[in-house]
Amino acid sequence: MVPHLITALTGPINELEQRIIDSMPAIERWFRMEWMEHTPPFYSSVDIRNAGFKLAPVDTNLYPGGWNNLTAEMLPLAVQAAMAAIEKICPEARNLLLIPENHTRNTFYLSNVAQLARIFNMAGLNVRIGSINPEIKENTTFALPDGDSVLLEPVIRNKTRLGLKDFDPCTILLNNDLSAGIPGILEELHEQYLLPPLHAGWCVRRKSTHFANYEEVAKRFGKLIGIDPWLINPIFAQCGEVNFAEGEGMECLTTNVDALLTKIRRKYKEFGIHEKPFVIVKADNGTYGMGIMTVRDVKDLDVLNRKTRNKMSVIKDGQEVNEVIIQEGVLTLERINDAVAEPVVYLLDRFVVGGFYRVHAQQGADELLSAPGSSYVPLAFAQSLSLPEPGVRPGASAPNRFYMYGVIARLALLAGSIELEQTDPMAEIGD
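Below is a summary of the structure that appears in this document. No experiment lies behind these values; they were computed from the predicted model shown.

**Considering the environment of Q80**
Move 1: In this fold, Q80 is placed in helix α3 (residues 75-89).
Move 2: Here Q80 falls in the exposed class, since its relative accessible area comes to 55%.
Move 3: Taking the C-alpha atoms as reference points, Q80 and V353, separated by 273 residues in sequence, lie 9.1 Å from one another.

Printed below as a string of structure tokens:
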């Protein structure tokens with residue numbers, strides 16, 4: 001069952017929603033033309049915030065976990081999309097090797113791995129899970145919370161190929177975001193498709209690069225349907241040399257936070273918005289909700305306590321934070337049982353295949369919802385994506401809003417594809 005959305009049904013979001021629904025044929029044609037020019041990332045998830053007056057992506061993950069949070073009703077869509085994605089890349093594919101993160105003790109993460117294996121198995125591939133964790137020296141079975149289990153096998157590398165004992169895959173699917181760097185075992189593979197490519201990892205990616213590309217996509221899309229692109233774009237700034245532990249580089253942070261808050265206030269005034277602006281400061285690379293803080297006033301930066309500095313200085317796999325993105329904070333007016341919520345949309349190739357609400361009872365409308373204590377409420381897109389209802393009053397039909405989420409998620413996906421083209425090391429060699 002799709003949860004009831006409690007959200008603002010007045011103000012510019014109404015106009016935005018109506019504009020998107022009325023422009024659906026033009027939007028879908030626009031996306032078709034874009035996908036002729038750009039190759040979408042193999043799979044992704046997009047965190048979206050709906051402020052009532054603004055709807056925007058705030059993060060795009062190219063190695064999405066959390067597939068176990070998709071409901072059984074969403075699986076047929078995911079399987080169809082997986083078939084299309086594999087057919088495009090390697091039509092003769094038979095064997096797929098799935099390489100997960102190394103944190104094998106997280107059984108909820110392993111449930112996600114099991115779900116991914118299930119999706120690609122149903123798409124017609126032999127799927128086995130190979131670990132690059134040096135601790136996995138023999139086949140190891142892990143019990144999962146739902147009573148299922150997952151088998152991890154140690155990978156075997158020869159000169160040019162990666163596989164398992166008695167298993168030679170033509171396709172390798174990474175569900176490891178490479179935060180700690182690119183392991184040598186994954187480099188210089190020949191005649192094997194590595195999905196996504198290594199430069200999609202957080203050791204290479206920067207959120208500021210992604211959102212710079214998203215800003216350009218939003219401008220073109222805004223022109224297409226006749227809206228101010230700010231309504232779908234979180235403006236941002238970046239600081240390249242910050243050391244929270246030592247308190248260095250804080251002047252860059254303070255200056256950029258002040259400038260961004262001023263820009264947001266100007267936009268709020270233009271649109272008659274009476275909320276208090278805020279920004280999110282987060283590591284320019286990395287995920288898992290680490291290295292993130294909310295800043296409502298530039299003076300807050302003068303009194304950062306040691307706990308906050310320590311929290312901001314290190315992210316996943318112990319990586320130090322030296323670069324940060326300062327991003328316009330987008331409120332969330334979504335509610336599930338009175339707890340604040342935000343939609344997370346899942347995509348395989350260029351297709352929206354489902355998603356869920358990330359819900360947090362202890363957090364406020366202007367705070368991070370991926371903090372410890374969050375929960376997930378499934379959100380079915382199957383009917384709503386294929387049947388948005390032109391002509392229906394905005395807010396009266398849940399499918400309208402879900403279609404709109406799918407549009408925003410695909411704009412972020414397009415930005416991701418352009419980002420990967422720009423950072424592709426092989427493209428530089430080709431030039």
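Having seen it, we continue.
**Some details on the state of the cysteines**
Move 1: Taken as a whole and judged by the stated rule, the model has one disulfide.
Move 2: The disulfide partner of C239 is C252, and the gap between their sulfur atoms is 2.3 Å. As the torsion about the S-S bond is roughly -105°, the C239-C252 disulfide counts as left-handed. Of this pair, C239 sits in strand β11 (residues 236-239) while C252 is found in helix α6 (residues 250-270), placing the two residues 13 residues apart along the sequence.
Move 3: Among the cysteines around C170, which has no disulfide bond, C90 carries the closest sulfur, lying 3.5 Å off.

**Quick notes on the pattern of salt bridges**
Move 1: Counting across every chain of the model gives 18 salt bridges.
Move 2: With its nearest N and O atoms 2.8 Å apart, the salt bridge here joins E342 to R49. Taken together, the residues E342 in strand β16 (residues 339-348) and R49 in strand β1 (residues 43-50) connect sequence positions 293 residues apart.
Move 3: Measuring nitrogen to oxygen at the nearest pair gives 3.2 Å for the salt bridge that ties E270 to K267. A residue pair is termed a helical-turn pair when its members lie 3 or 4 positions apart in one helix, as E270 and K267 do in helix α6 at three residues.
Move 4: Sharing partners across several salt bridges, the network here consists of D47, R49, E342 and R358.

**Description of the sheet that holds strand β14 (residues 324-328)**
Move 1: Read from one edge to the other, the open sheet built from four strands follows the order β11-β14-β12-β13, with strand pairing classed as antiparallel. Each having just a single partner strand, β11 and β13 (292-295) make up the two edges of the open sheet. This sheet shows a mean twist of 20° between the axes of neighbouring strands, independent of strand direction.
Move 2: Of the strand pairs in this sheet, strand β12 (residues 279-283) and β14 are connected by five bridges, and their pairing is antiparallel. The partner of V279 across the bridge, within β14, is E328.
Move 3: Helix α5 (residues 207-225) contacts β11, β12 and β14 of the sheet and is inclined by roughly 155° relative to β11.
Move 4: Strand contacts of α6: β11, β12, β13 and β14, with the helix running at about 15° to β14, the strand carrying the most contacts.

**Considering the packing of aromatic side chains**
Move 1: Going through the model one piece at a time under the given rule, you end up with 13 aromatic pairs.
Move 2: Ring pairs connect the aromatic residues F42, Y43, W67, F120, Y346, F356 and Y376, which therefore count as one cluster.
Move 3: Directly above the aromatic system of W202 lies the positively charged group of R205, at a separation of 4.5 Å from the ring centroid.
Move 4: Over the ring of W202 we find K207, and its NZ or CZ is 5.4 Å from the ring centre.

**Some details on the side chain of R410**
Move 1: Along the polypeptide, R410 turns up in helix α9 (residues 398-423).
Move 2: Leaving out residues up to four positions away in the same chain, R410 has contacts with E28, F31, W35, L347, R350, V352 and Y403.

**Focus on the pairing of β16**
Move 1: With 10 of its 10 residues buried, β16 lies for the most part within the structure.
Move 2: Here β16 shows two buried faces, one formed by A339, A341, P343, V345 and L347 and the other by V340, E342, V344, Y346 and L348.
Move 3: Across five bridges, β1 lies against β16 in antiparallel orientation. Within β16, the residue paired with V46 across the bridge is V345.
Move 4: Across two bridges, the pairing between strand β15 (residues 335-336) and β16 is antiparallel. By the bridge assignment for β16, R335 is matched with V340.
Move 5: If you look at the hairpin formed by β15 and β16, you'll find two residues sitting between the two strands, and N337 has a positive phi there, around 50°.
Move 6: Pairing geometry for β16 and strand β17 (residues 351-360), over nine bridges, is antiparallel.

**A look at the sheet that holds strand β6 (residues 149-154)**
Move 1: Reading across from one edge, β5-β6-β4-β3-β9-β10 is the order of the six strands in this open sheet, with mixed pairing throughout. Edge positions in the open sheet fall to β5 (140-143) and β10 (193-195), since each of these has one partner strand only. Averaged over neighbouring strand pairs, the angle between their axes works out to 30° when direction is ignored.
Move 2: Both strand β4 (residues 126-131) and β6 contribute to a ladder of two bridges, which runs parallel. Across the sheet, the residue bridging to G130 is E153, located in β6.

**As for the environment of L62**
Move 1: Considering the arrangement of structural elements, one finds L62 in the loop between β2 (55-61) and α3.
Move 2: Of the residues examined, L62 reaches a relative accessible area of 2% and is grouped as buried.
Move 3: Put simply, L62 and Y43 are 19 residues apart on the chain and 6.2 Å apart in space, counted from C-alpha to C-alpha.
Move 4: Residues within four places of L62 in sequence aside, it is in contact with P41, Y43, S44, P196, A200, R205 and L420.

What counts, and at which threshold
Residues numbered from 1 in each chain as written. Predicted model: local features only at pLDDT ≥ 70, side-chain atom pairs only at ≥ 80, totals over all residues. Heavy atoms only, no water. Helix = DSSP H or I, 4+ residues; strand = E, 2+ residues; numbered from the N terminus. Buried < 20%, exposed > 50% of the residue type's maximum accessible area, 1.4 Å probe, protein only. Disulfide = S-S within 2.5 Å. Salt bridge = Lys/Arg side-chain N within 4 Å of Asp/Glu carboxyl O. Pairing = 2+ DSSP bridges. Axes fitted to C-alpha atoms, helices over the stretch in contact; angles between N-to-C directions. Contact = heavy atoms within 4.5 Å. Phe/Tyr/Trp six-rings, centres within 6.5 Å; stacked < 30°, edge-to-face > 60°. Lys NZ or Arg CZ within 6 Å of the ring centre and 35° of its normal.

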